[in-house]
Amino acid sequence: MSEAKGTAGAAGAAGSPGADGGAGGRHVRVVLVDDHRMFRTGVQAEIGQTAETGVEVVGEAADVDQAVTVITATRPEVVLLDVHLPGGGGVEVLRRCAALTADTESPVRFLALSVSDAAEDVIGVIRGGARGYVTKTITGADLVDSIFRVQEGDAVFSPRLAGFVLDAFASTDAPPVDEDLDRLTQREREVLRLIARGYAYKEIAKQLFISVKTVESHVSAVLRKLQLSNRHELTRWATARRLV
């Protein structure tokens, strides 16, 4: 059953419940894109009380195809976008919604909201067109504030992550795209990073909500694609690229 849902007819005009009152007159229409239903439910409960926060959640999606469909149908001001999604990840959503992002009159702006704090994830979605990147440790109040700042056109980052972006875009000798890393899927990169940090297969399976057998398959695929022999070589490879 599809988890995507949206309310394309929600206009978010001055007469809507969140257009005045406890939100101080602020109002923003938001779509949540995350492949974990429980997380979406939690975010909805935390920020979606429109009369208090001014945030109106007009749609949800669990993968790339659903996200593109819902975003196109609802045309929200802001999309909360997870980096790792079935179907190609957050970068693929940004690519397929590029025309909406570039709309000069009513742009759809993207704020990445992810458990990942890896530099390549941050830089990837910012290069893809996102206006900011915050991690899932953010408080509800700070997330609401970040959403409104992105709606207004600001760039928003969790403090430590801003440095990644500055380094990547300000440095004249920034490294080129890593072709080896680009061979890996988003899930394989997640497994790679956790292996390099010393996690056991069972721990990785628990953290990523997958089976141990699936972890083993991902590790085998990573080793094959990178032409490495074992997890020790993999750890050295990841450390050399500052992926840990």
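S.K.: I tried to follow helix H6 (residues 119-128) on my own but got confused; where do I start?
M.R.: Residues spaced three or four apart along an α-helix point in a common direction, a consequence of the helix completing one turn every 3.6 residues. Residues of H6 that are buried: Glu120, Asp121, Val122, Ile123, Val125 and Ile126. Positive phi appears at Gly129, one or two residues downstream of H6, with a value of about 125°.

S.K.: How should the packing of aromatic side chains be read in this particular structure?
M.R.: Aromatic ring pairs: the centre-centre distance and the angle between the two ring planes describe each pair. Taken as a whole and judged by the stated rule, the model has zero aromatic pairs. Its end group placed over the ring of Phe148, Arg26 keeps NZ or CZ at 3.9 Å from the ring centre. Sitting above the plane of the Phe39 ring, Lys136 keeps its charged end 4.0 Å from the centroid.

S.K.: Would you mind going over the pattern of salt bridges with me for this structure?
M.R.: Working definition: two side chains of opposite charge can pair if their charged atoms are close together. Tallying each qualifying case throughout the model produces twelve salt bridges. Between Asp82 and Lys136 there is a salt bridge, with the nearest N and O atoms lying 3.9 Å from each other. One end of the pair, Asp82, is in the loop between strand S4 (78-81) and helix H4 (89-96); the other, Lys136, is in the loop between strand S6 (132-135) and helix H7 (140-151), and 54 residues separate them in sequence. Looking at Lys136, the relative accessible area reads 24%, which means it is partly exposed. Taking the shortest distance from any N to any O, the salt bridge between Asp117 and Arg197 comes out at 3.6 Å.

S.K.: Even after reading the chapter, I still don't get the packing of helix H1 (residues 37-47) against H7, so can you show me in this structure?
M.R.: In helix packing, the relevant descriptors are the interaxial angle and the interaxial distance, both defined with respect to the helix axes. Remark: H1 packs on H7, axes separated minimally by 9 Å, with the N-to-C direction vectors making an angle of 85°. On the basis of their axis angle, the class for H1 and H7 is roughly perpendicular. Together, Val43, Glu46 and Ile47 of H1 and Gly140, Leu143, Val144 and Ile147 of H7 make up the contact between the two elements. Of the residues assigned to the contact of H1 with H7, the class counts are five nonpolar, one polar and one charged.

S.K.: Looking at this structure, I do not really get the layout of surface pockets. What am I missing?
M.R.: One number sums up the size of the second largest pocket: a volume of about 410 Å³. Residue lining of the second largest pocket: 19 residues in total, with Val115, Ser116, Glu190, Gln207 and Leu208 positioned closest to the centre. Looking at the lining of the second largest pocket, the elements that each hand over two or more residues are helix H10 (186-196) and helix H11 (201-208). Considering every element that reaches the lining of the second largest pocket, the biggest residue donor is H10, with four residues. A per-class count over the lining of the second largest pocket returns six nonpolar, five polar and eight charged.

S.K.: For this particular structure, what's the right way to read the side chain of Glu92?
M.R.: Along the chain, Glu92 falls in helix H4. Owing to a relative accessible area of 18%, Glu92 belongs among the buried residues under this scheme. In this view, Glu92 contacts Val64 and Gly87; residues no more than four positions away in its chain are not counted.

Parameters at a glance
- Residues numbered from 1 in each chain as written.
- Predicted model: local features only at pLDDT ≥ 70, side-chain atom pairs only at ≥ 80, totals over all residues.
- Heavy atoms only, no water.
- Buried < 20%, exposed > 50% of the residue type's maximum accessible area, 1.4 Å probe, protein only.
- Helix = DSSP H or I, 4+ residues; strand = E, 2+ residues; numbered from the N terminus.
- Phe/Tyr/Trp six-rings, centres within 6.5 Å; stacked < 30°, edge-to-face > 60°.
- Lys NZ or Arg CZ within 6 Å of the ring centre and 35° of its normal.
- Salt bridge = Lys/Arg side-chain N within 4 Å of Asp/Glu carboxyl O.
- Axes fitted to C-alpha atoms, helices over the stretch in contact; angles between N-to-C directions.
- Parallel < 35°, antiparallel > 145°, perpendicular 65-115°, else oblique.
- Contact = heavy atoms within 4.5 Å.
- Nonpolar A, V, L, I, M, F, W, Y, C, P; charged D, E, K, R; others polar.
- 1 Å grid on protein atoms, 1.4 Å probe; cavity = no way out; pocket = protein on both sides within 12 Å on 5 of 7 lines; lining within 4 Å.
- Points joined across faces, edges and corners; volume = space filled by probe spheres on them.

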